[in-house]
Amino acid sequence: MEFPPIRDRTILVTGGAGFIGSHLVDALVGANDVRVLDDLSGGTPRHVHEDATLLEGDVRNRDTLEDATRGVDLIFHEAAVVDVTETVERPLETNGVNLEAGLALLECARREDARVVLASSAAVYGHPVELPVTETTVTEPASPYGVQKLALDEYARLYERLYDLPAVTLRYFNVYGPRQRGPYSGVISTFLEQARAGEALTVEGDGEQTRDFVHVEDVVRANLLAATTDHVGQAFNVATGDRLSILELAETVREATDVEVPIVHRPPRQGDVRHSGADVSKARRKLGFEASVGLETGIRRLVEEGPGGRRS
Ligand code: NAD
Ligand code: UD1
């Protein structure tokens, strides 16, 4: 896969030992000096490319943040508490990671004159009032996670207006791909794990709920485009523009794995978003971004390459 070129920069990737961050690091090493700041609460050093420097630390620690950002030109901020339920149970503590540390990072970027690309989320839209959602659709988050993401998303755009900080926020929809792991890893990796183990695929609710699934390789490309765009101070949906129901997804996984596992229904998730789908025309128009990995291809590759993927 061809990525937009970024060279000779000093770059910090927070959360670079995690799922999305580690793929981003892979695309940046070689041509750049890449640092990763991660407390390994969700990520693993095994996923950090050997040519990157891993700084093990907490983004909430101001001294750590200052050290990690000293001399950087570009920051990709991926570190977060990604478990939505944890933010519901501990809104104050998780706010420290998802909002306050992000704000402190914007301050460091201001001091260093660095560009920032932030991981925001479709969760800022809550239960969308229209479909597909555009970047101007009403934002009404349904969890502290969504509020925290939205507040940082707004701060980033405000920093551009107030201080000329070149910041871009990317609202990822449902990301999937190699290295997605752990208990909060998303329905595609859960279904694939179940199919590999010969277990039933667990569909929560009636399975008619829909999502816009975007491959991590496309998310990486959106980040690299955001790192070079003139359209700073903006938020962009990062998705494919297509929606699929969870039942259709279960069928796709069964076909791709070629295993005869049943589909079982479980009670619906409390507060689950019924439908989520993005209008991606703004990212297409302004970033030149278009998702290139179709869901069937993405799932087939996961089946062939395994959950760890192949390092290119
Ligand atoms: P992930 O859990 O794999 O990565 C997050 C990383 O942040 C982990 O490596 C974790 O160890 C690190 N981290 C957590 N708290 C930290 C702290 N206090 N200090 C330092 N590091 C810390 O999750 P991901 O799916 O790769 O998510 C990356 C970003 O994308 C997150 O900001 C997430 O909210 C956002 N996002 C993800 C999705 C998705 O579908 N995966 C969708 C929307 C938004
Ligand atoms: C996902 C992200 C979240 C992000 C949001 C933005 C993950 C883990 N979470 O939440 O960070 O902010 O998108 O759009 O990627 N399901 C089943 N069976 C299972 C697992 C899930 O039926 O075994 C269903 C769920 O009930 C839900 C759908 O699949 O309806 C998607 O669930 P999940 O992959 O956890 O993602 P979201 O909740 O959409």
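Everything discussed here concerns the structure shown above.
The paragraphs below set out a description of the structure included in this document. (Residues numbered from 1 in each chain as written. Chains lettered and ligands numbered in written order. Predicted model: local features only at pLDDT ≥ 70, side-chain atom pairs only at ≥ 80, totals over all residues. Heavy atoms only, no water.)

Details of the site of ligand 1
Quick note on the threshold: When at least one non-hydrogen atom of a residue lies within 4 Å of a molecule or strand, that residue is treated as near it. Between N or O atoms, a polar contact is any pair within 3.5 Å; within protein, one atom must be a potential hydrogen donor and the other a potential acceptor, and residues adjacent in sequence are included only when both atoms are from side chains. Residue exposure ignores everything except the shown protein chains as possible cover, and the areas themselves are Shrake-Rupley values with a 1.4 Å probe. Put simply, DSSP marks the helices as runs of H or I at least four residues long and the strands as runs of E at least two long, and each gets a number from the N terminus on. Gly counts as polar in this scheme, as do all residues outside two lists: the nonpolar Ala, Val, Leu, Ile, Met, Phe, Trp, Tyr, Cys and Pro, and the charged Asp, Glu, Lys and Arg.
Residues in contact with ligand 1 amount to 28 residues; listed here are only the nearest, Phe19, Asp38, Gly42, Tyr145 and Lys149. With respect to ligand 1, the backbone of Glu78 contributes an N or O atom lying 2.9 Å from an oxygen atom. Contact distances for ligand 1 include 2.8 Å between an oxygen atom and a side-chain N or O atom of Lys149. In isolation ligand 1 offers 820 Å² of accessible surface; the protein chains occlude 90% of this area. Of the residues forming the shell around ligand 1, the biggest block, three residues, is contributed by strand 5 (residues 115-121). Residues that form the shell around ligand 1 fall into these classes: 14 nonpolar, nine polar and five charged.

A word on the site of ligand 2
By nearness alone, 19 residues border ligand 2, and Ser121, Thr202, Glu204, Arg211 and Asp272 come closest of all. At 2.7 Å, a side-chain N or O of Arg211 approaches an oxygen atom of ligand 2. Within the side chain of Asp272, one N or O atom sits 2.6 Å away from an oxygen atom of ligand 2. Here ligand 2, which alone exposes 730 Å², has 85% of that area covered by the protein. Within the residue set of the shell around ligand 2, elements represented by two or more residues are helix 6 (187-196) and strand 8 (201-204). Residues of the shell around ligand 2, tallied by class, amount to eight nonpolar, seven polar and four charged.

Some words on helix 5 (residues 144-163)
How we decide: A helix is expected to span 1.5 Å multiplied by its residue count minus one. The contact rule is simple, with two residues in contact once any of their heavy atoms fall within 4.5 Å.
Here helix 5 is 20 residues long and its end C-alpha atoms lie 27 Å apart, about the 28 Å a rise of 1.5 Å per residue gives. Buried residues in helix 5 make contact with strand 4 (74-77), helix 3 (84-89), helix 4 (91-112), strand 5, strand 6 (167-172) and strand 11 (234-238).

Observations concerning the packing of aromatic side chains
Given two aromatic rings, their pairing is described by the distance between the two centres and the angle made by the two planes. Our working definition: For this analysis, a ring pair means two rings from Phe, Tyr or Trp (six-membered ring only for Trp) whose centres lie within 6.5 Å, classed as stacked if their planes differ by under 30 degrees, edge-to-face if by over 60, and tilted for the remaining angles. Residue burial is assigned from relative accessible area. The probe radius is 1.4 Å, only protein chains are included, and a residue is buried under 20% of its type maximum, exposed over 50%, and partly exposed in between.
A complete count under the given rule lists two aromatic pairs for this structure. Taken together, a centroid distance of 6.3 Å and an interplanar angle of 35° make the contact between Tyr125 and Phe173 tilted. Placement of the pair is Tyr125 in the loop between strand 5 and helix 5 and Phe173 in the loop between strand 6 and strand 7 (174-176), with a sequence separation of 48 residues. An identical accessibility class is assigned to Tyr125 and Phe173; each is buried. With a centroid separation of 4.8 Å and 75° between ring planes, the pair formed by Tyr159 and Tyr163 is classed as edge-to-face.

Structural notes on the pattern of salt bridges
Applicable threshold: We count a salt bridge whenever a side-chain nitrogen from Lys or Arg sits within 4 Å of a carboxyl oxygen from Asp or Glu.
With the rule as written, the count across this model stands at 16 salt bridges. Ionic pairing is found between Asp153 and Arg157, a salt bridge with its closest N-O pair at 2.9 Å. Here Asp153 and its partner Arg157 are both found in helix 5, four residues apart, which amounts to about one turn of the helix. With respect to burial, Asp153 and Arg157 carry one shared label: buried. Beyond isolated ion pairs, a larger network of salt bridges with shared partners links Glu66, Arg111 and Glu112.

Worth remembering: the numbers are spatial, not functional.
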